[in-house]
Amino acid sequence: MAADQDTTTAALGYEQARDELIDVVRRLEAGGATLEESLALWERGEELAKVCRHWLEGARKRLNAALAAEEEAGDAEGEGAEG
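Predicted, not measured: the structure shown is a model, and the values here were computed from it.

1. A closer look at the overall build of the chain
Across its full length, the chain holds 3 helices and 0 strands. Of the regular secondary structure in the chain, the N- to C-terminal order runs α-α-α. Look at the contacts in the chain between residues 6 or more apart in sequence, and 75% of them connect residues 24 or more apart. A total accessible area of about 6,700 Å² is found for the chain, and carbon and sulfur atoms account for 54% of it.

2. A closer look at the nonpolar core
Counting 7 residues, the largest nonpolar core consists of Leu12, Ala17, Val24, Leu41, Leu48, Val51 and Cys52. With 4 residues, the top contributor of residues to this core is helix α3 (residues 35-82). With sequence-adjacent residues up to four places away left out, Leu12 is seen in contact with Ala17, Glu20, Arg44, Leu48, Val51 and Trp55.

3. Focus: the confidence of the model for the chain
Detailed reading of the predicted coordinates is not advisable wherever pLDDT is low. With 87% of its residues at a pLDDT of 70 or more, the chain has an overall mean of 89. When pLDDT is averaged over each helix and strand of the chain, the minimum, 64, is found for helix α1 (residues 2-10) and the maximum, 97, for helix α2 (residues 14-30).

4. Details of a negative patch on the surface
Residues Glu70, Glu71, Glu72, Asp75 and Glu79 make up a contiguous surface patch of negative charge. Mapped onto the elements of the fold, Glu72 is located in helix α3.

5. Observations concerning α2
Taking 1.5 Å of rise per residue, the 17 residues of α2 would be expected to cover 24 Å, and the 24 Å separating its terminal C-alpha atoms lies within 8% of that figure. Just downstream of α2 lies Gly31, where phi reads positive at about 75 degrees.

6. What to know about the side chain of Thr9
Inspection of the secondary structure puts Thr9 in helix α1. Non-local contacts of Thr9, meaning those with residues more than four positions away in its chain, are made with Arg44, Glu47 and Val51.

7. Some details on the environment of Leu39
Examined against the element boundaries, Leu39 turns out to sit in helix α3. The class of Leu39 is partly exposed, set by a relative accessible area of 42%. Through-space distance from the C-alpha of Leu39 to that of Leu28 is 9.5 Å; in sequence the pair is 11 residues apart.

8. A word on the pattern of salt bridges
Applying the stated criterion across every chain yields a total of 4 salt bridges. Ionic pairing is found between Asp19 and Arg18, a salt bridge with its closest N-O pair at 3.1 Å. Asp19 gets classed as partly exposed once you look at its relative accessible area, which sits at 42%. With a relative accessible area of 32%, Arg18 lands in the partly exposed category. Between Glu47 and Arg44 there is a salt bridge, with the nearest N and O atoms lying 3.3 Å from each other. One end of the pair, Glu47, and the other, Arg44, are both in helix α3, 3 residues apart, so they sit about a helical turn from each other. Taken together, the shared-partner salt bridges in this structure form one network comprising Glu20, Arg44 and Glu47.

What counts, and at which threshold
- Residues numbered from 1 in each chain as written.
- Predicted model: local features only at pLDDT ≥ 70, side-chain atom pairs only at ≥ 80, totals over all residues.
- Heavy atoms only, no water.
- Helix = DSSP H or I, 4+ residues; strand = E, 2+ residues; numbered from the N terminus.
- Contact = heavy atoms within 4.5 Å.
- Areas by Shrake-Rupley, 256 points an atom, 1.4 Å probe, with all protein chains shown as cover.
- Core = buried A, V, L, I, M, F, W, Y, C linked by side-chain atoms within 4.5 Å.
- Buried < 20%, exposed > 50% of the residue type's maximum accessible area, 1.4 Å probe, protein only.
- pLDDT = per-residue confidence, 0-100.
- Patch = residues over 30% accessible without salt bridge, like charges linked within 9 Å, V, L, I, M, F, W, Y side chains within 5 Å.
- Salt bridge = Lys/Arg side-chain N within 4 Å of Asp/Glu carboxyl O.
- Lys, Arg positive; Asp, Glu negative; His and termini not counted.
- Charge placed at Lys NZ, Arg CZ, Asp CG, Glu CD.
- Expected span 1.5 Å × (residues − 1).

Next comes the structure, spelled out in structure tokens:
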């Protein structure tokens, strides 16, 4: 079952993972769950946080690549104007 849940978690988009993580945190903060339920929620929250981190790291890499490409294009234009 854990492998199925990992596959499902990996397929989540950022917004889905974030929304579910918010729900998990609310449920943990509300209390009233058994120790076993709390541990299961905590583990699910860790998985969801990992998915969110993965998406955010990917977005950061894409932004950095776009900014670097823009900077290189600007440098190339500057060199052409100097010559």
